[in-house]
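Here is what each chain is made of, one letter per residue.
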Amino acid sequence: MTGTTYTSHADLGGQPGHGPVMPEPEAELFHADWEPRVLALTLAMGGTGAWNIDMSRSARETLPDYAALNYYQVWIAGLEKLLADRRLVLADELRAGRLLHPAAPVPRVLMADAVPAALAKGSPTLRSTNAPARFQTGQAVRTRARPAGHHSRLPGYALGKRGVVEQVHGTHVFADAHAQGLGEQPQWLYTVVFDGTELWGANAAPGLAVSINAWEPYLEAAP
């Protein structure tokens, strides 16, 4: 999705009114017996190559009822959206919960015996480049000031803010382009540290600093 009408309902950082964050035990992975199935379905369909991880994030965050859904409800609704947009599943099949038409072809199929190796491998995003990094550790930078109009990993609360480069991570798949189907377009990735008062003003806790991973197109040099 592109254009000025793009809205990420998942970009909630720094917004008031959502209540406190309630941490859960690390071992508490699921809250209902259907949730592992959603995880399995999402991983299996991601393995087909019909879309990439950034496309799936875009599909989830643009769900109009995002705020009313729990974690795995967001996942299954996002999956249904991806399947419907690519006509891999039709509306009557979603209603029936079963195959009603000949299966549409997909680039590949993740078989059960290949799952452990696929999960162990993951999806590395580091890529090689001959282009030099524009910014260096310790350099002051400022993030772009306007929303992207498409999927982006730069949180809204950090738009137009001044920070300092803490780490340089090499070039990685650029999520903004990847989500739009424009290819990987690898870009230099940095960890940028922001003083809490830069982000929250006088409401910031004393000594607070926030680190954000930001691709080079998000940044410009700052005095």
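Up top you'll find the structure we're talking about.
Presented here is a report on the structure given in the accompanying data block.

Scoring rules and cut-offs
- Residues numbered from 1 in each chain as written.
- Predicted model: local features only at pLDDT ≥ 70, side-chain atom pairs only at ≥ 80, totals over all residues.
- Heavy atoms only, no water.
- Axes fitted to C-alpha atoms, helices over the stretch in contact; angles between N-to-C directions.
- Helix = DSSP H or I, 4+ residues; strand = E, 2+ residues; numbered from the N terminus.
- Parallel < 35°, antiparallel > 145°, perpendicular 65-115°, else oblique.
- Left-handed = near helix turned anticlockwise from the far one by under 90°.
- Contact = heavy atoms within 4.5 Å.
- Nonpolar A, V, L, I, M, F, W, Y, C, P; charged D, E, K, R; others polar.
- Salt bridge = Lys/Arg side-chain N within 4 Å of Asp/Glu carboxyl O.
- Phe/Tyr/Trp six-rings, centres within 6.5 Å; stacked < 30°, edge-to-face > 60°.
- Buried < 20%, exposed > 50% of the residue type's maximum accessible area, 1.4 Å probe, protein only.
- Lys NZ or Arg CZ within 6 Å of the ring centre and 35° of its normal.
- Polar contact = N/O pair within 3.5 Å; in protein donor to acceptor, adjacent residues only side chain to side chain.
- Core = buried A, V, L, I, M, F, W, Y, C linked by side-chain atoms within 4.5 Å.
- Pairing = 2+ DSSP bridges.
- Expected span 1.5 Å × (residues − 1).
- Arc of directions from axis to C-beta.

The geometry of helix 2 (residues 53–61) relative to helix 3 (residues 71–85) is characterised by a closest axis approach of 8 Å and an angle of 110 degrees between their N-to-C directions. Judged by the angle between their axes, helix 2 and helix 3 are roughly perpendicular. For helix 2 against helix 3, the interelement crossing comes out right-handed. Contacts from M55, S56, A59 and R60 of helix 2 reach helix 3 at V74, W75, G78, K81 and L82. The class makeup of the residues in the contact of helix 2 with helix 3 is 5 nonpolar, 2 polar and 2 charged.

What follows deals with the pattern of salt bridges. One pass over the structure, following the stated rule, counts 3 salt bridges. Its salt-bridge partner being R127, residue E184 comes within 2.7 Å of it at the nearest N-O pair. With a gap of 57 residues between them, E184 in the loop between helix 6 (175–179) and strand 4 (187–195) and R127 in strand 1 (residues 126–127) connect regions that are remote in the sequence.

A few words on the packing of aromatic side chains. Summed over all chains, the structure comprises 9 aromatic pairs. Both rings, one in Y71 and one in Y72, keep their centres 4.9 Å apart while their planes meet at 90 degrees; by these two values the pair is edge-to-face. Take Y71: its relative accessible area is 52%, and that puts it in the exposed class. A relative accessible area of 9% places Y72 in the buried class. Aromatic pair F174 and Y218: ring centres 6.0 Å apart, planes at 55 degrees, arrangement tilted. You can see F174 sitting in the loop between strand 3 (162–172) and helix 6 and its partner Y218 sitting in the loop between strand 5 (209–215) and strand 6 (219–221), a full 44 residues away along the chain. A relative accessible area of 9% means that F174 is categorised as buried. A residue is classified by how much of its surface remains accessible, and Y218, at 0% relative accessible area, is buried. Pairwise contacts between aromatic rings join F30, Y71, Y72 and W75 into one cluster. When the ring centre of W75 is taken as origin, the NZ or CZ atom of R60, which lies over that ring, is 4.3 Å away.

What follows is about the side chain of N52. Its place among the elements puts N52 in the loop between helix 1 (35–46) and helix 2. In this structure the side chain of N52 is engaged in a polar contact, spanning 3.0 Å, whose partner is the backbone oxygen of H178. Contact partners of N52, with chain neighbours within four places excluded, come to H178 and A179.

Turning to the nonpolar core, a few remarks are in order. Within the largest apolar cluster, 21 residues are counted, with the highest numbers of intra-cluster contacts made by F135, V141, Y190, V192, W215, Y218 and L219. Only helix 6, strand 4 and strand 5 provide two or more residues apiece to this core. Tallying contributions element by element places strand 4 first for this core, with 5 residues. Other than its neighbours up to four places away in sequence, F135 contacts V141, V165, V168, Y190, E216, L219, E220 and A221.

A word on the pairing of strand 2 (residues 140–143). Two strands pair when backbone bridges link them, and strand 2 and strand 3 are joined in this way by 3 bridges, in the antiparallel orientation. The residue bridging A140 from the neighbouring strand is V164, located in strand 3. Relative to strand 6, strand 2 runs antiparallel, the two being bridged by 3 bridges. Residue pairing for strand 6: T143 is matched across the bridge by L219.

Attention now moves to the pairing of strand 3. Where strand 1 and strand 3 come together, 2 bridges link them in antiparallel fashion. Bridging from a neighbouring strand, R127 pairs with T171 of strand 3.

So, on to helix 1. For helix 1, spanning 12 residues, the distance from its first C-alpha to its last is 17 Å, which sits close to the expected 16 Å at 1.5 Å a residue. Among the residues of helix 1, E35, V38, T42 and M45 are the ones counted as buried. One face of helix 1 carries all of its buried residues, which in axial projection span an arc of 95 degrees.

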